[in-house]
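Given next are the chains, with one letter for each unit.
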Amino acid sequence: MQAKDIMTTNVVTATSESCVDEIAALLLKRNISAVPVVDAEGRILGIVSEGDLMHRPESETERPRSWWLRLMADSEESAAAYTKSHGRRADEIMTRKVITVTEDTPVGEIAQILEERRIKRVPVVRDGKLVGIVSRANLLHGLVARKDRVAEPSSADDRSIREQILAHIDDQGWVSHGGLNVIVSDGVVELWGWVESDQERKALIVAAENVAGVRAVEDHLGSVPPWAWGA
């Protein structure tokens, strides 16, 4: 399996001018832990994660620096730390050195990157432009999808089926959050994430079943978003 077989394609993004409070609200509404910051052409400028918003003066969570850290830090480092905790726009607080992968990057390599870099997700780019994102959850979805099947690279047919399902769902506009992923292996479609109603669940299953080449649809959709448990 490669990144293109498991990545989330409907990626929520922000611009460099996006305000901090807007980004925080976006993370909560879409049930995601980070948002890539892109320019008008879709090129990645940086990424803002929950960690970038944890220590803010307006929420009384700003972390005071000890006297000895202030003594040892140079003025440039201190100024950067101040901007990070007090900045009001994405371009002032985002992490600029973003690790990315391509659509053809093997999932094993992605897992190694996430583990070694201690990050939760990695953007997928094509010609420098954002086309998807792979999270730890996406890797687990791929693992479960393959556990009872022959460990061979996903076929072009599987990828075509996945692309058709995602495109069709996106056209319908049923899903208003970022909590959906589709994995296809040997014609078997697995739906992961959560839904807001039973009707949404049924519609997603029907949408998958109606795509040519689908042999079966496995429903792993939950009815309660992960943040309801404080995840």
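Relevant structure appears above.
Since the model is a prediction, treat every value here as computed from it, not as a measurement.

Calculation criteria
Residues numbered from 1 in each chain as written. Predicted model: local features only at pLDDT ≥ 70, side-chain atom pairs only at ≥ 80, totals over all residues. Heavy atoms only, no water. Helix = DSSP H or I, 4+ residues; strand = E, 2+ residues; numbered from the N terminus. Buried < 20%, exposed > 50% of the residue type's maximum accessible area, 1.4 Å probe, protein only. Contact = heavy atoms within 4.5 Å. Areas by Shrake-Rupley, 256 points an atom, 1.4 Å probe, with all protein chains shown as cover. Salt bridge = Lys/Arg side-chain N within 4 Å of Asp/Glu carboxyl O. Pairing = 2+ DSSP bridges. Axes fitted to C-alpha atoms, helices over the stretch in contact; angles between N-to-C directions.

K.L.:
I'm lost on the overall build of the protein chain in this one. Help?
P.N.:
The number of helices and strands found in the protein chain is nine helices and eight strands. The burial tally for the protein chain puts 41% of its 231 residues in the buried class. For the protein chain, restricting intrachain contacts to residue pairs at least 6 apart in sequence, the fraction spanning at least 24 positions comes to 61%. When the accessible surface of the protein chain is summed, it comes to about 13200 Å², and 52% of that surface belongs to carbon and sulfur atoms.

K.L.:
What's the story with the pattern of salt bridges in this structure? I'm lost.
P.N.:
Opposite charge on two side chains allows them to pair when their charged atoms are near. Taken as a whole and judged by the stated rule, the model has nine salt bridges. Between Glu17 and Arg89 there is a salt bridge, and its shortest N-O distance comes to 3.8 Å. Placement of Glu17 in the loop between α1 (3–6) and α2 (20–30) and of Arg89 in the loop between α4 (75–86) and α5 (90–93) is noted, with a sequence separation of 72 residues between them. We note a salt bridge from Glu103 to Arg126, for which the minimum N-O separation is 2.8 Å. Within this pair, whereas Glu103 is found in the loop between β3 (101–102) and α6 (107–117), its partner Arg126 is found in strand β4 (residues 121–126), the two being separated by 23 residues in sequence. Exposure remark for Glu103: the relative accessible area of 17% places this residue in the buried category. Three or more residues joined by partner-sharing salt bridges are found here, namely Glu17, Arg89, Asp91 and Glu92.

K.L.:
I tried to follow the sheet that holds strand β5 (residues 129–135) on my own but got confused; where do I start?
P.N.:
Hydrogen bonds along the backbone pair up the strands of a sheet, which may run parallel or antiparallel. With mixed pairing, three strands are arranged side by side in an open sheet as β3-β4-β5. The strands lining the two open edges of the sheet, one partner per strand, are β3 and β5. Pairing geometry for β4 and β5, over six bridges, is antiparallel. Within β5, the position partnered with Val122 by the bridge is Val134. Along the sheet, α6 contacts β3, β4 and β5; its crossing angle with β4, the most-contacted strand, is approximately 135°.

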